[in-house]
Amino acid sequence: MMKHLLKLLDLSGEEIIEILNLADQLKYEQKHNIAHRHLEGKSLGMIFQKASTRTRVSFEVGMYQLGGNPLFLSSADMQIGRGEPVQDTARVLSRYLDGIMIRTFEQKEVEDLAKYGSISVINGLTDFCHPCQVLADLMTIREFKGTLEGHKLCFIGDGNNMMNSLIVGGLKTGMKVSVACPEGYDPPKEILDFANGYDCFELHRKPIDAAVDADVMITDVWASMGQEGEAEKRRKAFAGYQINDELMAAAHSDCMVQHCLPAHREEEITEKVFEAHANEIFEEAENRLHAQKAVMVKTMGN
Ligand code: CP
Ligand code: NVA
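Residues numbered from 1 in each chain as written. Chains lettered and ligands numbered in written order. Predicted model: local features only at pLDDT ≥ 70, side-chain atom pairs only at ≥ 80, totals over all residues. Heavy atoms only, no water.

Enquirer: So, the overall build of the protein chain: which residues are in play, and what are the values?
Expert: What the protein chain contains, in helices and strands, is 12 helices and 9 strands. For 302 residues, the compact-globule estimate of 2.2 N^0.38 gives 19 Å, and the protein chain sits close to it at 19 Å. Considered along the principal axes of its C-alpha atoms, the protein chain spans approximately 55 × 45 × 35 Å. Taking all 302 residues of the protein chain together, 58% fall into the buried category. Long-range pairs, those at least 24 residues apart, make up 76% of the contacts in the protein chain with a sequence separation of at least 6. Taken as a whole, the protein chain presents about 12600 Å² of accessible surface, with 49% of it coming from carbon and sulfur. On the protein chain, the mean spot of the 32 positive side-chain charges and the mean spot of the 46 negative ones are 4 Å from each other. (Helix = DSSP H or I, 4+ residues; strand = E, 2+ residues; numbered from the N terminus. Rg over C-alpha atoms; globule rule 2.2 N^0.38 Å. Buried < 20%, exposed > 50% of the residue type's maximum accessible area, 1.4 Å probe, protein only. Contact = heavy atoms within 4.5 Å. Areas by Shrake-Rupley, 256 points an atom, 1.4 Å probe, with all protein chains shown as cover. Lys, Arg positive; Asp, Glu negative; His and termini not counted. Charge placed at Lys NZ, Arg CZ, Asp CG, Glu CD.)

Enquirer: Tell me about the site of ligand 2, residues and numbers included.
Expert: What surrounds ligand 2 is the set Leu125, His130, Asn160, Asn161, Asp220, Val221, Ser224, Met225, Cys260 and Leu261. A distance of 3.4 Å is found between a nitrogen atom of ligand 2 and a side-chain nitrogen or oxygen belonging to Asn160. Between ligand 2 and the protein, one listed contact pairs a nitrogen atom with a side-chain N or O atom of Ser224 at 2.7 Å. Coverage of ligand 2 by the protein amounts to 93% of the 270 Å² it exposes when considered alone. (Near = heavy atom within 4 Å. Polar contact = N/O pair within 3.5 Å; in protein donor to acceptor, adjacent residues only side chain to side chain.)

Enquirer: Describe the packing of aromatic side chains, listing the residues and the values that go with them.
Expert: A full pass over the atoms with the stated rule returns 6 aromatic pairs. Aromatic pair Phe48 and Phe72: ring centres 5.5 Å apart, planes at 35 degrees, arrangement tilted. Of the two residues, Phe48 sits in strand 1 (residues 43-48) while Phe72 sits in strand 2 (residues 69-74), which places them 24 residues apart along the sequence. For Phe72, a relative accessible area of 36% translates into the label partly exposed. Ring geometry for Tyr185 against Phe238: centres 4.8 Å apart, planes inclined by 55 degrees, an arrangement best described as tilted. (Phe/Tyr/Trp six-rings, centres within 6.5 Å; stacked < 30°, edge-to-face > 60°.)

Enquirer: Could you give an account of the site of ligand 1, with specific residues and numbers?
Expert: In the region of ligand 1, the neighbouring residues are Ser52, Thr53, Arg54, Thr55, Arg103, His130, Gln133, Cys260, Leu261 and Arg288. A distance of 2.6 Å separates an oxygen atom of ligand 1 from a polar side-chain atom of Ser52. Side-chain polar atom of Arg103 to an oxygen atom of ligand 1: 2.8 Å apart, as the coordinates give it. Protein chains shield 95% of the accessible area of ligand 1, which is 260 Å² for the free molecule.

Enquirer: Which residues make up unusual backbone geometry, and what values go with them?
Expert: Cis geometry marks the peptide bond from Leu261 to Pro262; its omega dihedral reads 0 degrees. With respect to the element layout, Pro262 can be found in the loop between strand 9 (256-259) and helix 11 (271-276). Along the chain, the position of Leu261 falls in the loop between strand 9 and helix 11. At Glu266, a residue that is not glycine, the phi angle is positive and equals roughly 70 degrees. Among the structural elements, Glu266 can be located in the loop between strand 9 and helix 11. Exposure remark for Glu266: the relative accessible area of 48% places this residue in the partly exposed category.

So this is what it looks like as structure tokens:
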């Protein structure tokens, strides 16, 4: 059992693999109409301070499939959106719910919810990390490649929530990880300190150097939610940080592609590469459902 999913840094490689194994099992059970109502009678509050398509729908549907009750809580309609402290929100919601999924800006808010409340907290994306997405990515890579260990994951782009979680999740599960980002857009020190403990981590400035012999190429938007005002500046800084035919040619010939979505075609990825790998990308989107059901069972199950 684990109580929370706040960031992948908190989990061991074995715990990540256990979640992926349960996710595979739940996917099988759902596809074969085998009942898996592990969260009968449980309620999950879902607080969104940012937009979402996949996270919202997959958590909501996942909770129904597990026999539980999801509540969508837009922060714009909650007192937290008007300044009620997170310490109080955590203690109140702990009296009604069994778990909270939160998507917000600061990682500290997620950590504080867990600290002051008494129920499970699941991170549905912060500026720092996106653990649920990366569990789905690892699940998909394992599904297509058979194993994670020894395969090379390459991330091209911003040192953002996605790069951070991929570095941690990839290295903890035995993958080689190489990233390419422009100067000034490196991942935060906490992530680099962690990654520098691994011989199989590389940080490059030139995307082509990072892509050599990759088994999976991954990218994300140049400007994340909350950075809309920097979009123009970032378009210049990230020019060339794109998954395209040239980069795919440097990777292994059977290299797969992942993108958390939404994607900006002809920015971080070309339309051609995106469509050639759409099958892998949309399986990744589907796997959000299965991976998160596993996280909910692990954190909120009996
Ligand atoms: N990938 C992802 O988290 O998608 P949403 O922003 O639509 O939830
Ligand atoms: N880095 C992106 C991921 C969206 C799922 C963002 O934070 O907007």
